[in-house]
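# Chains, contacts and geometry: an overview
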Amino acid sequence: MRNVPGVALGDRVEVRDHAGHTRNGQVIRSSEELLLIQVLEGTGNLDLERTWVRFLDQPFELALSPDMLGRVFNGTGKPRDGRPPLVSGRSLNVNGASINPAARAYPREFIQTGISTIDGMNTLVRGQKLPIFSGSGLPHNRLAAQIVRQAKLLQHASTHEANASDQAFALVFAAMGVSHSDARYFEESFEQSGVLGQVVTFINLADDPPIERLILPRVALTCAEYLAFELDKHVLVVMTDMTYYAEALREIATAKGDVPSRKGFPGYLYSDLAEIYERAGRIRDKAGSITLIPVVSMPSDDITHPVPDLTGYITEGQIVLSRELAASGVQPPVAVLPSLSRLMKDGIGAGMTREDHARVASQLFAAYAKAQEVRSLAAII
C-alpha cells in the first residue's frame with residue numbers, strides 16, 4: 001500500500017474481502033511512501049478493487065488470565081481447543097519489554113527433569129536457557145514432551161527465598177510448524193500423564209500461515225512472563241522447533257526483499273533469535289522465573305548450520321541428540337560429550353542435589369571420554 005501516514009512497523013491490520021470475510025495482517029515494512037502488509041490467512045481471492053484495509057493502530061496483543069492453564073491456543077493466542085475465548089481485562093504486547101540487565105538475578109536452583117544425562121551431567125537450573133540440538137527423525141518431540149511431563153523444581157531452604165517451597169510450577173509449551181499427528185501426540189501425552197492442567201499449549205501446524213510461526217514464540221513468552229512475574233510462578237517454556245521458526249523468518253525476509261546472508265537466512269537472524277531467548281531468566285525481587293528449553297533441529301545433522309550455531313552463542317549450553325544412540329535403542333539418545341550446561345556448577349552440590357554431584361559428573365565424563373578414545377584407537381588399529 002502507498003501513502004498511508006502514521007502507521008508503525010508491527011501494527012495489526014484487518015483486511016476485509018468482497019465477501020465480507022475478515023483476515024488478520026501485520027505491517028512488516030514501513031516507510032514514508034510504502035507499506036508492506038503480511039496477511040496471516042493468505043491473500044487468495046483478494047482483489048484491488050473490493051478489498052478494504054483497516055489499520056488498528058496497535059501491536060499484536062495477548063489476552064491474559066490465570067485460566068490459561070490447561071488451554072490450547074493457536075499461534076496468535078486464539079483458542080483451538082473448542083472452548084470459548086478468555087474473559088480478561090488484561091492484555092500485553094506480544095513483543096514484550098526488554099529486561100534491564102542490571103535487574104536480572106543469576107540463574108540458580110536445580111530443576112529435575114527425570115532424565116539422568118541431563119540431571120546428572122548437564123544440569124538444568126532455574127532461569128537458564130538450555131536448547132536441545134537434534135536431527136531429522138530423532139525423538140526430540142518425545143524428549144520435549146517427557147520433560148514437560150516430568151519436570152520438577154526441587155526447592156531447598158534458601159536465604160533469599162523464605163517461601164520458596166510454597167511456589168507453584170507451570171509449563172508453557174510452544175510447537176511451531178508441527179504435523180497434525182505430532183500435535184495430537186503432545187495433547188494426548190499431557191492429558192494421559194495428568195499435567196495438562198498445568199500446561200498452556202500454543203500450536204502452529206505445518207499448514208498454518210508462516211507469519212503466525214513468527215508471532216507464536218513471542219505469544220508464548222508473553223504468557224510465560226505473565227505467569228512468572230505477575231502470578232509469581234516458576235515457568236518452564238519448551239519450544240519446538242526453532243529451525244521451523246527460522247525458515248519462516250527466511251521466507252518472509254525473502255518476500256520483503258531483505259538481503260540474504262548465510263544459507264539464505266537474513267542477516268538479522270542472530271538478533272531476532274536473541275530477542276526471543278533473552279526473555280527467559282529471573283528478575284531481582286520477583287519470586288517467579290522463566291526457564292527456556294528450545295528444540296533446534298540440525299539439517300543434515302550439521303551443528304554448524306546457522307540456526308544451531310547462533311543459538312549456541314546466545315544460550316547457556318546445549319543438549320545434543322545422537323543418531324547412533326537412537327539407532328541402538330537408547331532413549332533419550334543424549335550424546336553427553338558434545339552436550340554442555342554452562343550453569344550446572346551453580347545448581348548442584350550440598351543443599352541442592354548431593355555433595356559429590358560435581359565429582360560424580362566429572363568421573364562419568366572421564367569414563368565416556370576414555371571409551372571414545374578406545375573406540376577411535378580400535379577403528380584405526
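Read on for an overview of the structure. All figures in this text were calculated on a predicted structure; none of them were measured in a lab.

### Brief notes about the packing of helix 6 (residues 269-277) against helix 7 (residues 306-314)
At their nearest, the axes of helix 6 and helix 7 sit 10 Å apart, and the two run at 50° to each other. Comparing their axes, helix 7 and helix 6 come out oblique. Regarding helix 6 and helix 7, the two cross each other, and that crossing is right-handed. When helix 6 is examined against helix 7, the residues L269, Y270, L273, A274 and Y277 are found in contact with a partner set consisting of P306, V307, L310, T311, Y313 and I314. Looking at the contact of helix 6 with helix 7, its residues break down into 10 nonpolar, 1 polar and no charged.

### Quick notes on the nonpolar core
Of all hydrophobic cores here, the largest spans 56 residues; its most connected members are V172 and F202. Top element by residues in this core is helix 4 (residues 210-229). It accounts for 13 residues. Leaving out residues up to four positions away in the same chain, F202 has contacts with M68, F73, N74, G77, V172, F173, A174, A175, L216, V219, A220 and C223. Judged by nonpolar contacts, the second largest core, of 34 residues, contains V72, F190, V295 and V334.

### Section: the sheet that holds strand 12 (residues 152-153)
With antiparallel pairing, the 3 strands of this open sheet are ordered in space as 10-9-12. This sheet does not close on itself; its edge strands, each paired only once, are strand 10 (124-126) and strand 12.

### Some points on the packing of aromatic side chains
The tally for this structure, following the rule as stated, stands at 5 aromatic pairs. A ring pair is formed by F73 and F202, whose centres lie 5.5 Å apart and whose planes are at 25°; its orientation type is stacked. Taken together, the residues F73 in strand 6 (residues 72-73) and F202 in strand 14 (residues 199-205) connect sequence positions 129 residues apart. Judged by its relative accessible area of 2%, F73 falls in the buried class. A relative accessible area of 0% means that F202 is categorised as buried. Within the aromatic cluster, the residues linked to one another by ring pairs are F173, Y185, F186 and F190. Here R12 stacks its cationic end above the ring of F60, 5.4 Å away from the centre of that ring.

Cut-offs used in this document
- Residues numbered from 1 in each chain as written.
- Predicted model: local features only at pLDDT ≥ 70, side-chain atom pairs only at ≥ 80, totals over all residues.
- Heavy atoms only, no water.
- Axes fitted to C-alpha atoms, helices over the stretch in contact; angles between N-to-C directions.
- Helix = DSSP H or I, 4+ residues; strand = E, 2+ residues; numbered from the N terminus.
- Parallel < 35°, antiparallel > 145°, perpendicular 65-115°, else oblique.
- Left-handed = near helix turned anticlockwise from the far one by under 90°.
- Contact = heavy atoms within 4.5 Å.
- Nonpolar A, V, L, I, M, F, W, Y, C, P; charged D, E, K, R; others polar.
- Core = buried A, V, L, I, M, F, W, Y, C linked by side-chain atoms within 4.5 Å.
- Buried < 20%, exposed > 50% of the residue type's maximum accessible area, 1.4 Å probe, protein only.
- Pairing = 2+ DSSP bridges.
- Phe/Tyr/Trp six-rings, centres within 6.5 Å; stacked < 30°, edge-to-face > 60°.
- Lys NZ or Arg CZ within 6 Å of the ring centre and 35° of its normal.

None of this, on its own, says anything about what the molecule does.
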